[in-house]
Amino acid sequence: GTELEKIVREGKRVGQLPDSEHLRWMTDKHPAQPDIPKASGDWFIQNSVLTDEIKTSEEISDKVNHLLTHKKAMDNTRTALRKESNERILNKAVSDLKATGKLGVTIEPDTPTSTISPSQASTDITLPSGAGVTSMKAPMYEIPFDSLPPLPDHPQQSRMPTQKEKDWMFAKMEEHDATTQRIYDEAFERWKAVKKLESRRAGNIVAEDLTEEERAELTARKLEATREMEEKQASEEDPLEKLEREMFPERFKEEEEEAERAKNFKEKQEKARVNLKPLPNTMTLNLKKTIQMRGPIPVAEFMKEALLNPEYGYYTTKKTVFGRDGDFITSPEVSQMFGECIAAWAVDTFHKLGSPRSFHLIEIGGGKGTLIARVLKAAGAFPDFINAVKVGMVEVSPAMAESQRETILKECGKSIEKKVVWADDIEGLGLHDDLDPVICYSNELFDVFAVSKFQYTERGWCEWLVEVDDDPEHPEHFKFVLSSGETAGSIAYIPHELRKMARESRLLGKTIELQMQGYLYLERVLEQISRSKGTCLVIDYGVDDYVEDSLRGIRNHEFVHPLSNPGEVDLSGFVSFKMLRQTVQRSEKLAPKIHVSSVMNQGEFLKRTGIEARTLLHLSKALNVRDAAKIAREFTTLTSLFSES
């Protein structure tokens, strides 16, 4: 419409005539907007800059419409300022004419024959109405008028502007035009970017198709862009206010000093209180929302959600967890001798069971599949074992199950891989369909079951909960808080023996960790085994007593805060073998059928299964000193650095 015509007509002053794409941009759903009577420099700067919140070209069109409307208002303001200056020039000319009888400017009538020269003028000269006089010209100014204005009362208003003042005013106008052109170009580039995004969406490429890393990167870039925009807007000053400050610096001196003091105080506060929190991931946002709706949640619930959430859990979505490329290394990754010792134990148990024609070999939580692959490969020296084995893998993570399949296929071949079945629970393996014996084992499984933490206080056994932490000085988004009294968990889980001991000894401040889900899971596994016959081996970090305070987070082979970056950090705690044993002994179903052996150190177990002889065998095959030193280090690590099994 008229705004577009004005842009085209004034194209040279703006800097360029619009090309076809600019014209399409300016006419793309550009609704008419009401005129704004007064232009505000502050509004003009802040609202004509497009932010990342704009998603469609319609919104950009609205912003552009505001830009054009306020540009028109600013042009009107500029014209009014020029007219006011020209009126001062005219008043000065009339004053000179009455005082000296000489007129230093030329009055241009409608026709060439109506020129009035200085010699024709007198002190009593008047300009009659309707005489065809339309304008009066002075250097660098064009002064439109309809009639003579009254003489000013203030003498400063009749002063002619100096050449320096004229140059300064036009420099300010050119600076404003450059700002308008820059904002115009930024709006046009943003419009093209949004059009490109709409084109992608038309091709069924939407934000939901982005990966978790891409979404996190996009969120971080948006936050950074928003901060940059806020800093930019804060640094830009209203042009009219800037003009007043330059013309009347004394008036704003006190205000500037106060602003400087406030700025220094704010900088000191920011230095003393630095926001250390990283950008929250999706799991963090979900947990925050849950806590804000329900209040603080138990540690066990937080841990279970962080590790096993179907969409964002650590074990359900992260494929690289074990090994040097993951977050931690387990015994199977340390040395193949660990798998060979487990194979020796399994073959020995198979023979003790009478070498059955068929049996189940089950691993629960097999990680990448390194351990089961090395067990089957080492047991290949016993054909009766390999021919009778039916391998079952219990794995809740689809990513881990796929990794296990690939490892078994690579290490053992297709014939062994066909013998393996996967299930997400022990009941899914169908052990009740036959009476075949079961040889079951797990390595570092029970330490990842959710930990419930309790502390004995004057109010009884209170439970540790997880609350949102908004303190910018803390890098974690969550914190531990203690319940105001006993909870349903403490009432149900604290053993009677421990309650009695706490009351008699007044163990104020004593902490205990319980893995109730782990104890119940072991009971279910043993129920499946007890239907026929077999054995179960549990290898884990732990102690043969109550566990007090062991919850920890592991990331990139280092210990981190257990509440940091949920979904990206492995959480684990020491296993109480005392509670595992009591679970079996107190079960009416299991106690008559299951015998629980004593707890021993992993080094002792490996020595009983022949790790020393295997170390010597591998040393004899070492090609050089470096390989021999590596084998010796592996032996030392497996037999001395791990806890109990």
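Summary of the structure given here. Residue numbering note: each chain is counted from 1, following its sequence as written. Residues qualify for local features only when their pLDDT is at least 70, as the model is predicted, and side-chain atom pairs are given and counted only at 80 or more; totals for whole chains, interfaces and linings, by contrast, use all residues. Here the side-chain values reflect all heavy atoms present in the structure, with hydrogen atoms and water set aside.

Judged by nonpolar contacts, the single largest core of 39 residues is most densely connected at Ile 342, Trp 345, Phe 359, Leu 361, Ile 372, Phe 385 and Tyr 441. Think of it this way: any DSSP run of H or I at least four residues long counts as a helix, any run of E at least two long counts as a strand, and we number them from the N terminus. Here this core gets 9 residues from one element, more than from any other, and that element is helix α14 (residues 336-352). Apart from residues lying up to four places away in sequence, Ile 372 is in contact with Leu 361, Glu 363, Val 391, Met 393, Ile 408 and Tyr 441. Membership of the second largest hydrophobic core comes to 35 residues, among which are Leu 514, Ile 529, Met 579 and Leu 580. For our purposes a nonpolar core is just a set of buried Ala, Val, Leu, Ile, Met, Phe, Trp, Tyr and Cys residues, chained together by side-chain atoms within 4.5 Å. Any residue under 20% of the maximum accessible area for its type is buried, any over 50% is exposed, and the rest in between are partly exposed; the area is computed with a 1.4 Å probe on protein chains only. What makes two residues a contact is simply this: any of their non-hydrogen atoms within 4.5 Å.

What follows concerns the packing of aromatic side chains. Stacked, tilted and edge-to-face are the three classes applied to pairs of Phe, Tyr and Trp rings, where Trp contributes its six-membered ring and a pair requires centres within 6.5 Å; stacked means planes under 30 degrees apart, edge-to-face means over 60, and tilted covers the rest. Summed over the entire model, instances satisfying the criterion amount to 9 aromatic pairs. Taken together, a centroid distance of 5.0 Å and an interplanar angle of 40 degrees make the contact between Phe 350 and Phe 359 tilted. Accessibility expressed as a relative area gives 0% for Phe 359, which makes it buried. An aromatic cluster is built from Phe 350, Phe 359 and Phe 385, whose rings are joined through pairwise contacts. In our convention, an over-ring charge means Lys NZ or Arg CZ found within 6 Å of a ring centre and within 35 degrees of that ring's normal. Seen from the ring of Trp 422, Arg 405 lies directly overhead, with NZ or CZ sitting 4.2 Å from the centre. Residue placement shows Arg 552 over the ring face of Tyr 541; its charged tip is 5.4 Å from the ring centre.

This next bit is on the sheet that holds strand β16 (residues 558-560). Here, a strand pair is defined by DSSP locating no fewer than two bridges between the strands. Within the open sheet, the 3 strands sit side by side as β16-β15-β17. Their pairing is antiparallel. In this open sheet, the two strands that pair with only one neighbour each are β16 and β17 (570-572). The average undirected angle you get between the axes of adjacent strands in this sheet is 40 degrees. Relative to β16, strand β15 (residues 552-555) runs antiparallel, the two sharing 3 bridges. Helix axes are fitted only over the stretch in contact, all axes being lines through C-alpha atoms; the angle between N-to-C directions runs from 0 to 180 degrees.

A large share of strand β8 (residues 438-443) lies buried, amounting to 6 of its 6 residues. The side-chain alternation of β8 yields two buried faces, one formed by Val 438, Cys 440 and Ser 442 and the other by Ile 439, Tyr 441 and Asn 443. Here 5 bridges tie strand β5 (residues 359-364) to β8, and the two strands are oriented parallel to one another. When the bridges of β8 are listed, His 360 appears paired with Val 438. Direction of pairing for β8 relative to strand β13 (residues 534-539): parallel, over a ladder of 6 bridges. Bridge pairing in β13 places Val 438 opposite Gly 534.

Whenever Lys or Arg places a side-chain nitrogen within 4 Å of a carboxyl oxygen from Asp or Glu, that contact is recorded as a salt bridge. Taken as a whole and assessed by the stated rule, the structure comprises 19 salt bridges. Note that Arg 524 and Glu 427 form a salt bridge whose closest N and O atoms lie 2.9 Å from each other. Note that Arg 524 is positioned in helix α21 (residues 516-529) and Glu 427 in the loop between β7 (420-423) and β8, a separation of 97 residues in sequence. A salt bridge links Lys 578 to Glu 497, with the shortest nitrogen-to-oxygen separation between them at 3.7 Å. In this pair, Lys 578 sits in helix α22 (residues 577-585) while Glu 497 sits in helix α20 (residues 496-505), placing the two residues 81 residues apart along the sequence. Looking at Glu 497, the relative accessible area reads 38%, which means it is partly exposed. Within this structure, Lys 390, Asp 434 and Asp 436 form a network of salt bridges that share partners.

Time to look at the state of the cysteines. The term disulfide is used for any two cysteine sulfur atoms that are within 2.5 Å. Going through the model one piece at a time under the given rule, you end up with 0 disulfides. Not part of a disulfide, Cys 440 finds its nearest cysteine sulfur in Cys 536, a span of 4.1 Å. Using a relative accessible area of 1% as the deciding quantity, one classes Cys 440 as buried.

This paragraph deals with the sheet that holds strand β6 (residues 389-394). The 5 strands are arranged β7-β6-β5-β8-β13 in an open sheet whose pairing can be described as parallel. Of all strands in the sheet, those bounded by a partner on one side alone are β7 and β13. Sheet twist, expressed as the average angle between the axes of neighbouring strands with direction ignored, equals 15 degrees. Of the pairings in the sheet, the one linking β5 to β6 comprises 6 bridges and is parallel in character. Pairing of Leu 361 across the sheet is with Val 391, part of β6.

The next subject is the side chain of Gln 455. With respect to the helices and strands, the residue Gln 455 is situated in strand β9 (residues 452-457). Here a polar contact is recorded for every N or O atom pair within 3.5 Å, except that within protein the pair must consist of a potential hydrogen donor and a potential acceptor, and residues adjacent in sequence are included only if both atoms are side-chain atoms. Side chain to side chain, Gln 455 and Trp 464 meet in a polar contact 3.1 Å long. Sequence-distant contacts of Gln 455, that is, excluding residues within four places in its chain, are made with Gly 460, Trp 461, Cys 462, Trp 464, Leu 482, Gly 509, Lys 510 and Thr 511.

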